[in-house]
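Here are the chains, one letter per residue:
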Amino acid sequence: MDAWVMFVAYYAALVMGVFAFAHALSQRADAYTAAERMTKPAWLGITGGGAFALLLFHPFSAGGIFWLAALVAVTVYVVDVRPRLIEVQRGPRW
């Protein structure tokens with residue numbers, strides 16, 4: 001049972017990493033500065049590196065700490081940066 005949970009967590013994290021990188025790639029560069037976040041190349045590096053680390057390492061391998069760091073980086077983009085970018089590009093809601 002535990003193996004199935006980790007199997008699902010591993011692939012869910014990988015999907016989230018690829019999604020975060022694709023979303024970061026598809027956004028306008030000026031939206032990052034308007035949202036008062038780091039630049040687009042910085043977030044492309046963070047999410048791209050995170051997605052690669054999520055693919056390369058496994059939570060219970062010797063590089064499990066890198067997997068965890070990548071998961072945190074990608075999660076920060078998804079829950080903090082992405083909503084702010086969407087809000088900035090949508091404009092004020094009346």
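Preceding block: the structure.
Just so you know, these numbers come straight off a predicted model, no measurement behind them.

What counts and how
- Residues numbered from 1 in each chain as written.
- Predicted model: local features only at pLDDT ≥ 70, side-chain atom pairs only at ≥ 80, totals over all residues.
- Heavy atoms only, no water.
- Axes fitted to C-alpha atoms, helices over the stretch in contact; angles between N-to-C directions.
- Helix = DSSP H or I, 4+ residues; strand = E, 2+ residues; numbered from the N terminus.
- Parallel < 35°, antiparallel > 145°, perpendicular 65-115°, else oblique.
- Left-handed = near helix turned anticlockwise from the far one by under 90°.
- Contact = heavy atoms within 4.5 Å.
- Nonpolar A, V, L, I, M, F, W, Y, C, P; charged D, E, K, R; others polar.

## Considerations on the packing of helix 1 (residues 2–26) against helix 3 (residues 40–56)
Two quantities define a packed helix pair, namely the angle between the axes and the distance from one axis to the other. Here helix 1 crosses helix 3 at 160 degrees, and the two axes come no closer than 8 Å. Comparing their axes, helix 3 and helix 1 come out roughly antiparallel. Considering the relative orientation of helix 1 and helix 3, their crossing is left-handed. Residues Tyr10, Ala13, Leu14, Gly17, Val18, Ala20, Phe21, Ala24 and Leu25 of helix 1 lie in contact with helix 3, whose contacting residues are Lys40, Leu44, Thr47, Gly48, Ala51, Leu54 and Leu55. Here the residues of the contact of helix 1 with helix 3 sort into 12 nonpolar, 3 polar and 1 charged.

## Quick look at the packing of helix 1 against helix 4 (residues 64–90)
In the contact formed by helix 1 and helix 4, the axes pass within 9 Å of each other and the chain directions differ by 45 degrees. On the basis of the axis angle, helix 1 is oblique to helix 4. Read as a crossing pair, helix 1 and helix 4 show a hand that is left-handed. Residue-level contacts link Ala9, Tyr10, Ala13, Met16, Gly17, Phe19, Ala20, His23 and Ala24 of helix 1 to Trp67, Leu71, Val74, Thr75, Tyr77, Val78, Arg82, Leu85 and Ile86 of helix 4. When its residues are assigned to classes, the contact of helix 1 with helix 4 shows 14 nonpolar, 3 polar and 1 charged.

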